[in-house]
Every structure is written in structure tokens, then in C-alpha cells.
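As a plain string of letters, each chain reads:
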Amino acid sequence: MSDIDRVLRSNLKLKHLQLLVALDQFRHLGRASEFLSLTQPAVSKSLNEIERMFGLDLFVRSTRGTEPTPYGETVVRFARSVLADFGRTRDEIAAVASGAAGRTTVGAMVVAMPVLLTRAVELLKARSALTTVAIEEGDLTRLLPRLRVAELDLFVGRLEPGYAAPDLDTEALYDEPMAIISRPDHALTRKRKPGWGDLATLPWVLPPPWASSRIKLNQMFYKHGLNPPVDIIESASFLATLSFVRQRPAIGFVARSVARHFEREGLVKVLAIAVPIELPPVGIITMRGRLRTPASAQLIECLRQAVPT
């Protein structure tokens, strides 16, 4: 293990890390070499050099391309983390040099937009207008791996219990109920008290199957003696949800604050049907033990101040 420690600390260079990430991304020597603007023999030679340093096979070569071995997957995660820290440090230095006040990258679920995170960024900009906030929208399955390799500074969304882990710090901020939406001129908007039976046979846009909100919604249909909808589209994207609600038209299932926001904009209508389900709170996830940049620390403080009341 001392040899591996020496390789990680001293022998690996930035170009080696970039090559490993490119090979993992493209899974093909030729395409990786094109991306890196190198010849294929040069990429192959560098990979052999890296594997000799470790004394391990990091990638399996075949006619179909290259696949990382278990050792390779571990080293690639290390490479991504180092490159992300490198990029963050470069951006911080450039920000200081230009008179700006740093940068933070946030992964956000739909539930955190447009109320919580928008308010928090407004508060942050009031303090430091030149701070850059990069926001990537998605779900836990896509964003948590990026948080772990330092491509994100923090995550804002539902604290799904199935994703709790010892390497993560979580901070609950508030509870957020769900609402059922349609487009403003949908036939159900004219019913004073629409029922679950009215909803069961309609087309829906729903959260992914792993989401607690989706599981609890299915349970509500069962509770009323109904099968859950079968004409469904699954998406964690609010843009997709909004598009299908307005154009198909489908029924949507979104966080109530999100629903109310877009109802005020005239884009959707919140249906008059109660959704009495308990869901995980909305909160912040960061990596335990990772040093926060000043911009990230400020944004977290602003998120606490921006909690809806």
C-alpha cells in the first residue's frame, strides 16, 4: 500500500488524471485520444505507464472498447475528485483576481426550485453580487455521485432516507407537501371536489419510481380501492412535467410551493384534492469533512434564511 500511496501523492500527474477520466467517459481508446488531441498510440502508452505505476490493471481492452476494472473504477473516482478540486481552485483564484467573490456549484431537485433556492441566491447576491452560483437540476441518483467526486459543493432537495450514508452530512430545513396539478383549462378544474376515481384513468407525469412521493401517491390510490395510473411518463424534470401537463394534457404531481408558484404565473392549476401524505423534509446535503469554500458557506447560510414560512 505504501507504493500506491507514493503513486497517488507523487507520481500521478494532471495529464494522467485527465486521461483516466477521458477513458472512463468514452470507453474507447480512439475517441479518448481524439478528445485529448493525442494519438491513439500515445494514449495507449500513457495508460500502460499509469498501470505500471500502480502495478494493477486499470482498464480491460477489447475489440468493443475499454472498460474499467474494479481497481480502475476506484482510481477514476479519485481522478474526478482531484480534477474537480483543481477546477474549483482555478475558478476561485480567477474570481479573486477579477474582483469577484468566488463560486459555488449546487445540485438541486425540483422541490428546491423555484422558491427556496431562488430566494437563497437572491440573498447571496445582495451580499456579494459578483459571486457565481452554478445550478444543476436533477435527482438524487444523478446528483449524489457528482457531490461525492466534488463536482458539486452541495445538494438541495428531499432528504430521501434510502440515500443516507456515513460520508454525507444532512440538514433538514422544512417540510414540503405535494399538490396535484393540471393545465388551467382541464375539465377537472371545473369540478368543485374532484375525487381519486376521477384521477386514476387519466394520463400522468410522475416522479421516478424510487421517489418517496411516488410511492406514497400509489398508496393513496390503493387506499381508495383504485389501481395507480398506468398511462404515465416518469421524470424528475419540472420542464418535462410542465410540458406534458400543458400539451398532452396530463396530470402532474409536484411540490406544493412549486405548484403555487406556477399557478400564480397562469401556467397550471392546483386541483382541489387533498394529498395527506408524509414525506421526507427538504434540506441540504454536503460531504462530511470536506472543506467548504467561502461562497458555499455563505449560500448555505442564505438557504437557512430563505426557508419558506
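Here the structure is a predicted model, which is why all the values come from computation and not from measurement.

Calculation rules
- Residues numbered from 1 in each chain as written.
- Predicted model: local features only at pLDDT ≥ 70, side-chain atom pairs only at ≥ 80, totals over all residues.
- Heavy atoms only, no water.
- Pairing = 2+ DSSP bridges.
- Helix = DSSP H or I, 4+ residues; strand = E, 2+ residues; numbered from the N terminus.
- Contact = heavy atoms within 4.5 Å.
- Axes fitted to C-alpha atoms, helices over the stretch in contact; angles between N-to-C directions.
- Phe/Tyr/Trp six-rings, centres within 6.5 Å; stacked < 30°, edge-to-face > 60°.
- Buried < 20%, exposed > 50% of the residue type's maximum accessible area, 1.4 Å probe, protein only.
- Core = buried A, V, L, I, M, F, W, Y, C linked by side-chain atoms within 4.5 Å.
- Salt bridge = Lys/Arg side-chain N within 4 Å of Asp/Glu carboxyl O.

(A) Quick peek at the sheet that holds strand β10 (residues 251-255). Judged by pairing direction, the sheet is mixed, and its five strands sit side by side in the order β9-β8-β10-β7-β11 without closing on themselves. This sheet does not close on itself; its edge strands, each paired only once, are β9 (232-234) and β11 (269-270). Set on the sheet, helix α9 (residues 212-223) makes contact with β7 (178-182), β8 (204-206), β9 and β10; between it and β8 the angle comes to about 140 degrees. Against the sheet, helix α10 (residues 238-247) engages β7, β8, β9 and β10, with an angle of about 145 degrees to β10.

(B) Representation of the packing of aromatic side chains. All chains considered together, the criterion is met by five aromatic pairs. Between F26 and F35 the ring centres are 5.1 Å apart and the planes differ by 50 degrees, which places this aromatic pair in the tilted class. Under the relative-accessibility criterion, F26 is labelled partly exposed at 23%. F35 gets classed as exposed once you look at its relative accessible area, which sits at 52%. Aromatic side chains F238 and F262 sit 4.6 Å apart centroid to centroid with 25 degrees between the ring planes, which places their arrangement in the stacked category. Here F262 lies in helix α11 (residues 256-264) and F238 lies in helix α10, a separation of 24 residues in the sequence.

(C) Quick look at the side chain of D24. Mapped onto the secondary structure, D24 falls in helix α2 (residues 14-26). Beyond its immediate stretch of four places on either side in the chain, D24 contacts F59, P68, V76 and R80.

(D) Seen up close, the nonpolar core. Ranked by internal contacts, the top residues of the largest apolar core, which has 46 residues, are L116, L147, L154, I285, L299 and L303. It is helix α6 (residues 116-127) that contributes the most residues to this core, five residues altogether. Excluding anything up to four places from it in sequence, L303 contacts L116, L117, A120, L154, V156, L173 and I284.

(E) Structural context of the pattern of salt bridges. Within this structure, the stated rule accounts for 16 salt bridges. Note that R80 is salt-bridged to E151, the shortest N-O span being 3.9 Å. Within this pair, whereas R80 is found in helix α5 (residues 70-98), its partner E151 is found in the loop between α7 (140-148) and β5 (154-158), the two being separated by 71 residues in sequence. You can call R80 partly exposed: its relative accessible area is 23%. The partner of D167 in a salt bridge is R148, with the nearest N and O atoms 2.7 Å apart. Of this pair, D167 sits in the loop between β5 and β6 (168-174) while R148 sits in helix α7, and the two are 19 residues apart along the sequence. Overall, R148 belongs to the partly exposed group, its relative accessible area being 34%. Here the salt bridges do not stand alone but share partners, grouping D24, R27, E67, R80, E136, R146 and E151 into one network.

(F) Looking closely at the pairing of strand β2 (residues 65-68). Bridging between strand β1 (residues 59-62) and β2 involves four bridges; their strand directions are antiparallel. Across the sheet, residue S62 finds its bridge partner in β2, namely G65. Following β1, the chain reverses through two residues before pairing antiparallel with β2.

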